[in-house]
Amino acid sequence: MEKLYSDSVNHRNNFDLVRFLLALSVIFTHGFVIYYGKIDQEPLWRFSHQQLGVGTMALNFFFVISGFLVTKSFLVSRGGFDFLIKRALRIYPGFAVVCIAGALLFGPLGTTTLSRFTPDFLTYWKDTNVRYLIYSIAKLYPPVLPDTFQTLPCPNDVNTSIWTIWYEFLCYLLVLAVGLLGLFRKRFVPLAIFAVVAGLNLWHFRAYEAYNQEGIVVWETSLLDYDWMERLLNLEHFLYFFTAGICFYYYRNYIPKSRALVILSAVVLVVTLRWLKGFELAQGIFGSYLLFSFIFSKRFRFHRFAKYGDFSYGIYLYGWPVQQLVMLYFGDRLSLAGTIIVSMLLVFPFAVLSWHLVEKQFLKLKRLNIGAFFGRYEGRIVPVFDESVRQDNNFYFLRCLMITAVIFTHSYVIYYISSENPDEMEPLTAFSLGQITVGSPALNFFFVISGLLITQSWFYSKTWMDFVVRRILRVFPAYVMVSLACVYVIGPLGLRAFPSFAEVQEFWSKADLLSVLSSAFTLAYPPVPETFTSLPASNIVNASLWSVLYEVYYYLVIIFLGVLGLLGNKRFVVCLFLAVYFVNFLHKDIFEAYNMGDNYDYAWIPYFPPAYFEDLLQFEHYFLYFVAGVFFYTFRNYIPKSRVLLAISVVVMLLSIRWFRVFELTQPVFGTYILLYVAFSRKIRLSGMARHGDFTYGMYLYSWPIQQLVLLYFGHVLTNLGTFFVSMALIVPAAALSWNLIEKPFMNFKHKPAAVRRAVVKA
């Protein structure tokens, strides 16, 4: 039996020609939409009784080809992450550039009208929301741009074509999920997936037909709103063709090459196109067979068609905006056919530039070995992170300093709660124009140090269970004890100065021990009855506990990445850090508004429950610093110890605090460098500070309640700085007791490491 596809003719095929023709087919159909404002006059639309146009059929075939080639890409990739990098490098660069070009070039050029013959670039650029533009690029959504092309049948539409890219990437994620689950090793799984998706399309056939012809979704469900129903309908439609491509590749050795099947497929397609409904359902099977019959034809060989480049993606991306410009500037002098032909000629240079300047250059990065790149510098520099002095460093001193900074800020918060009076504002808040406090960068640095040391702890742990036990014994005992202390000691003492025993008993009767223990073991805020009612921070027994939960969340991330073997992968760590940094960049204004107590945009993640906005916002913020610690540990041998870099980091930090208002974005990089420089300084050696124990965790846990008690009992005779110094004098003994009676005994239960498992950092 002659096969439809043979691996021996891997590169001798017509894929490049077919994709080129499909991209031009999309431009052909868009020409009717742009010229008339609707698709009614398109030939295939009329011939098929409003089933589909030439462009829709081409788009379906695009997904079939994508399913075929992307499945092959996954099966020949070195792993899931390697596959994902390849797909991202193929999709994102071209998409990002065409979106930016839409904002900088195509959009402004579309502002020309009969009364204004010159484009208004400056006004258009000023009205463009850069943050939402970047956010749209990250999500692979068509960006919302200022008004343009107002005089055309399709106004305010800079680029309609790119709406399908999001669905394309979701299909890539399907292949990734199926592959990581090992389902490609199961013979019938791809066919079962295709059958399920085909069944969904058959079930929603009428709904999609109404949507395709009238633009409305008649399929209703109480679980999703209209926008998501539309997306889900489109997704299952494109998945049908994508999974068809998967099956044609997966079962390539079982699909025969037959003229009879070609004739049968052609007859079925013509009949369903002209006389019967359901052409697109037939296209997924019979159309795909015809498509691959031509692609792997031995009679028609065009395998050298793309010897100068693969321009199909660029043609698809730039087709619509170029057609809009042709219609705007030459529409009154050209017929429909003229606009289509001129558009095809003008879009070609854009596609050539897109390939050679953007797509091709980023595709070269698929072969980049980050480990080998940085390996050239290993051993040639003095690293800022000196692992040879793992115990002889200043981390304990720095953590004590950070705790003191947090307590200092808390002294202002507890004393004043909030005030716009500069005399009552914390010094760094006033200096940074409300951007940060002394305690906020200190808390950020805590998460940086945690990311460094926890990553190191993972690699030095014997097993993942050994790591889990270490983290549990470090976090939970002291947390449970401080929760009990807040309810049964500090809470009663906060009723008033020197409460009576009867008042204490009444307070205890309101407390529920089971609820307290439950909240402690889930790292939730303890359920404390009303107390400290006479203070500015009333009914707040311990405001420091909230960050411990985020810390444990990040431990879980470390465990997850470590078990998957990604924690030592340099390429993955770089991508993770950049992704988290990018998300924080997008939400900078939102977090700043939240941090200053102003109203912030609750709709920054559509369809996300508003009750969790604050938690998610803080999670991603502190996760940036934790990942910065992971990043610096991973590349510890390649980051040089340099006074020049130290001076640059200090200058950048100072400028960002006062003038540029980007401190929270510079601290993860430049601030972390300063932190490591001090931590491993050979001139300043303060490692002996921890010889009596590690009191930092206890200081953090007991700082707020002790400060509340000091303010309650001595606030009438002390200033806010006075409460700070008195609180420090009481917090240190409490932390010493916590270390010696709780933390240290439980930490002695840790498993003794039999052999140190060195960090094997994969390239």
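Calculation criteria
Chains are numbered independently. Their residues run from 1 in the order of the written sequence. Residues qualify for local features only when their pLDDT is at least 70, as the model is predicted, and side-chain atom pairs are given and counted only at 80 or more; totals for whole chains, interfaces and linings, by contrast, use all residues. As a rule here, side-chain values cover all heavy atoms of the structure and leave hydrogens and water aside. Note on aromatic contacts: the rings of Phe and Tyr and the six-membered ring of Trp form a pair at centre separations within 6.5 Å, being stacked when their planes are under 30 degrees apart, edge-to-face when over 60 apart, and tilted otherwise. The cut-offs for exposure are 20% and 50% of the maximum accessible area for each residue type, with area from a 1.4 Å probe on protein chains only; residues under the lower value are buried, those over the upper are exposed, and the others partly exposed. Strands are runs of DSSP state E lasting at least two residues, helices are runs of H or I lasting at least four, and both sets are numbered from the N terminus onward. Two conditions define a charge sitting above a ring: the NZ of Lys or the CZ of Arg must be within 6 Å of the ring centre, and it must be within 35 degrees of the ring normal. Every case where a carboxyl oxygen of Asp or Glu lies within 4 Å of a side-chain nitrogen of Lys or Arg is listed as a salt bridge. Within the patch definition used here, like charges are joined within 9 Å and nonpolar side chains (Val, Leu, Ile, Met, Phe, Trp, Tyr) within 5 Å, considering only residues with over 30% relative accessible area and no salt bridge. Residue-level accessible areas treat just the shown protein chains as cover; the underlying method is Shrake-Rupley with a 1.4 Å probe. For our purposes a nonpolar core is just a set of buried Ala, Val, Leu, Ile, Met, Phe, Trp, Tyr and Cys residues, chained together by side-chain atoms within 4.5 Å. It only takes one pair of heavy atoms within 4.5 Å for two residues to be counted as in contact. Each axis is a line fitted through C-alpha atoms, taken for helices only over the stretch in contact, and angles between the N-to-C directions span 0 to 180 degrees. Should an angle fall under 35 degrees it is called roughly parallel, over 145 degrees roughly antiparallel, and 65 to 115 degrees roughly perpendicular, with every other angle called oblique. Less than a right angle of anticlockwise turn of the near helix away from the far helix marks a crossing as left-handed, whereas a clockwise turn marks it as right-handed. It is the directions from the helix axis to the C-beta atoms that the arc portrays. pLDDT expresses how confident the predictor is about each individual residue, on a scale running from 0 to 100. A helix is expected to reach a length of 1.5 Å times the quantity of its residues less one.

(A) Summary view of the packing of aromatic side chains. Tallying each qualifying case throughout the model produces 59 aromatic pairs. With a centroid separation of 6.5 Å and an interplanar angle of 90 degrees, the aromatic rings of Phe501 and Trp508 are classed as edge-to-face. For Phe501, a relative accessible area of 54% corresponds to the exposed category. Measuring from ring centre to ring centre gives 6.0 Å for Phe577 and Tyr581, while their planes differ by 45 degrees; the resulting arrangement is tilted. Remark: Tyr581 and Phe577 occur in helix α23 (residues 570–586); sequence separation between them is four residues, near one turn of the helix. An aromatic cluster of three or more residues is present, and its members are Phe447, Trp546, Tyr550, Tyr553, Tyr554, Phe619, Tyr622, Phe623 and Phe626. The lysine or arginine in question, Arg252, covers the ring of Tyr249, its NZ or CZ lying 4.1 Å from the ring centre.

(B) The environment of Gly629, seen in detail. Residue position: Gly629 is located in helix α25 (residues 613–634). By relative accessible area, Gly629 is classed as buried at 0%. Taking the C-alpha atoms as reference points, Gly629 and Phe446, separated by 183 residues in sequence, lie 9.7 Å from one another.

(C) The arrangement of the pattern of salt bridges in detail. Inspection of the entire model under this criterion finds 16 salt bridges. For Arg19, the salt bridge is made with Asp16, and the minimal N-O distance between the two is 2.9 Å. In this pair, Arg19 and Asp16 are both assigned in helix α1 (residues 15–36), three residues apart and thus about one turn of the helix distant. As far as burial versus exposure is concerned, Arg19 and Asp16 are alike and both buried. A salt bridge links Glu743 to Arg474; the shortest N-O distance between them is 2.8 Å. Residue Glu743 is located in helix α29 (residues 720–747), and its partner Arg474 is located in helix α19 (residues 464–493); the two are separated by 269 residues in the primary sequence. Residue classification places Arg474 among the buried positions, given a relative accessible area of 13%.

(D) Molecular detail of a nonpolar patch on the surface. On the surface, Ile100, Leu104, Leu105, Leu122 and Trp125 cluster together into a nonpolar patch covering about 470 Å² of accessible area. Those elements giving two or more residues to the nonpolar patch turn out to be α4 (80–109) and α5 (121–127). By residue number, the principal contributor to the nonpolar patch is α4, which donates three residues. Residue position: Leu122 is located in helix α5.

(E) Up close: the nonpolar core. Formed by 100 residues in total, the largest nonpolar core has its most connected members in Phe395, Val475, Tyr479, Ile558 and Leu701. Apart from the residues lying within four places of it in its own chain, the contact partners of Val475 are Leu523, Val548, Val552, Tyr555 and Tyr697. Grouped together as the second largest cluster of nonpolar side chains are 93 residues, Val18, Phe61, Leu145 and Ile315 included.

(F) Representation of the packing of α1 against helix α12 (residues 279–295) within the structure. In contact at an axis separation of 9 Å, α1 and α12 are set at 130 degrees when each is read in the N-to-C sense. Between α1 and α12, the interaxial angle falls into the category oblique. Crossing angle aside, the handedness with which α1 passes α12 is right-handed. Residue-level inspection shows Phe15, Leu17 and Val18 of α1 in contact with α12, the latter providing Leu291, Phe292, Phe294 and Ile295.

(G) Up close: helix α21 (residues 513–521). For α21, the full list of buried residues reads Val516, Ser519 and Ala520. The arc enclosing the buried residues of α21, seen along the axis, measures out at 100 degrees, which places them on a common side. Of the exposed residues in α21, the ones pointing more than 90 degrees away from its buried face are Leu514 and Phe521. Its buried side turned inward, α21 meets α19.

(H) View of the environment of Gly284. With respect to the secondary-structure elements, Gly284 resides in helix α12. Look past the residues within four positions of Gly284 in its chain and what remains in contact with it is Tyr240, Phe241, Ala244 and Phe248.

(I) How the structure looks around unusual backbone geometry. The phi angle at Gln50 is positive, at roughly 65 degrees, despite the residue not being glycine. Secondary-structure assignment places Gln50 in the loop between α2 (43–47) and α3 (54–76). A positive phi angle, near 60 degrees, is found at Leu523, a position not held by glycine. The class for Leu523 is buried, based on a relative accessible area of 5%.

(J) A look at the confidence of the model for the chain. Residues of the chain with pLDDT of at least 70 account for 88%, and the chain-wide mean is 84. Within the chain, the lowest mean pLDDT, 49, falls on helix α15 (residues 370–375), and the highest, 94, falls on α3. Note on residues 751–763: pLDDT under 50 across the span, and 30 contacts to partners over four residues away in sequence or across chains.

(K) Quick look at helix α7 (residues 165–180). When the terminal C-alpha atoms of α7 are compared, their 23 Å separation across 16 residues agrees well with the 22 Å that a helix rising 1.5 Å per residue should span. Buried within α7 are the following residues: Ile165, Trp166, Tyr167, Glu168, Phe169, Cys171, Tyr172, Val175, Leu176, Val178 and Gly179. Positive backbone phi, approximately 75 degrees, marks Gly182, located one or two places after α7.

(L) Focus on the environment of Val438. Considering the arrangement of structural elements, one finds Val438 in the loop between α17 (427–431) and α18 (439–460). It is 6.0 Å that separates the C-alpha atoms of Val438 and Thr409, two residues lying 29 residues apart in sequence. Apart from the residues lying within four places of it in its own chain, the contact partners of Val438 are Ala405, Phe408, Thr409, Glu426 and Leu428.

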